[in-house]
Amino acid sequence: MELAYRYDVIPTAEQVIELYGNAGLPRPIHDQERIALMYESSNLIVTAWDNDKLVGVARCITDWVWSTYLADLAIRSDYQKQGIGKKLVDLVQEKVGEQTMILLLSVPTAMEYYPKIGFTKEDRGFMIPRKN
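Here goes a summary of the coordinates provided. Position numbers for residues start from 1 in each chain and track the written sequence from start to end. The model is predicted, so local features are restricted to residues of pLDDT at least 70 and side-chain atom pairs to those at 80 or more, both for listing and for counting; the totals for chains, interfaces and linings are taken over all residues. Hydrogens and water are ignored here; the side-chain numbers use all heavy atoms of the structure.

## What about the layout of surface pockets?
The criterion, for reference: Cavities and pockets were defined on a 1 Å grid built over protein atoms only: a cavity is a set of grid points that admits a 1.4 Å probe from which the probe cannot escape, a pocket is an open set flanked by protein on both sides within 12 Å along at least five of seven lines, and lining residues are those with an atom within 4 Å of any such point. Grid points are joined across faces, edges and corners, and a volume is the space filled by probe spheres set on the points. Working definition: helices are DSSP H or I runs of at least four residues, strands are E runs of at least two. Numbering for both runs from the N terminus. Side-chain classes are defined by residue name, with Ala, Val, Leu, Ile, Met, Phe, Trp, Tyr, Cys and Pro counting as nonpolar, Asp, Glu, Lys and Arg as charged, and the others, Gly among them, as polar.
Space inside the largest pocket adds up to approximately 780 Å³. As for the largest pocket, its lining consists of 23 residues, of which L103, L104, T120, K121 and E122 are closest to the centre. For the lining of the largest pocket, the elements supplying multiple residues, two or more each, are α3 (84-96), β5 (101-103) and α4 (113-116). Ranked by the residues each element gives to the lining of the largest pocket, the list is headed by β5, at three residues. In terms of residue class, the lining of the largest pocket is made up of 15 nonpolar, five polar and three charged. Computed from the structure, the second largest pocket encloses a volume of approximately 640 Å³. In this structure, the second largest pocket is lined by 29 residues; those nearest its centre are L73, I75, Q80, A110 and Y113. Where the lining of the second largest pocket is concerned, the elements lending two or more residues are β4 (67-75), α3 and α4. Of all the elements, β4 adds the most residues to the lining of the second largest pocket, at six residues.

## Focus on the environment of A4
As a reminder of what qualifies: By the convention used here, residues are in contact when the closest approach between their heavy atoms is within 4.5 Å.
For A4, the position within the fold is in strand β1 (residues 4-6). When the C-alpha atoms of A4 and T47 are compared, they prove to be 8.1 Å apart, with 43 residues separating the residues in sequence. Once you skip the residues sitting within four places of it in the chain, A4 turns out to touch T47, A48 and W49.

## What to know about α3
Inclusion rule: Multiplying one less than the number of residues by 1.5 Å gives the expected span of a helix. Burial status follows relative accessibility: with a 1.4 Å probe on protein chains alone, a residue under 20% of its type maximum counts as buried, one over 50% as exposed, and anything between as partly exposed. Arc, as used here, means the arc of the directions from the helix axis to the C-beta atoms.
End to end, α3 covers 18 Å across 13 residues, agreeing with the expected 18 Å (1.5 Å per residue, within 8%). Residues of α3 that are buried: I84, G85, L88, V89, L91, V92 and V96. One face of α3 carries all of its buried residues, which in axial projection span an arc of 160°. Packing partners of the buried residues in α3 comprise β1, β2 (44-50), β3 (53-62), β4, β5 and α4.

Given below as structure tokens:
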């Protein structure tokens, strides 16, 4: 199986909702408009495709010179454990360059995954939770 990794294709909200639902990523998949706005407001999206099927995505917000927030990393359940997530993160790193750090908030089920692909656990973060 040879996947195509793309920077130049933004998936539709329907494709994203299907991927997130399949991957079990806790996002507002019941709200198509909100998903569409999440993608419209992101300035770096790397996708993985098996022909015309979206199988993975890394959605980021970056300033290109200091920090990149990896907002979402999702891989279809039947494509997991094949290195797709690592490849997407590597492509993000390649695109943003060496001056930029990549940071993220992990879902509890992925806390063991991120150190395996090069992330360091960070204990200095703070947040104001969303109300909706």
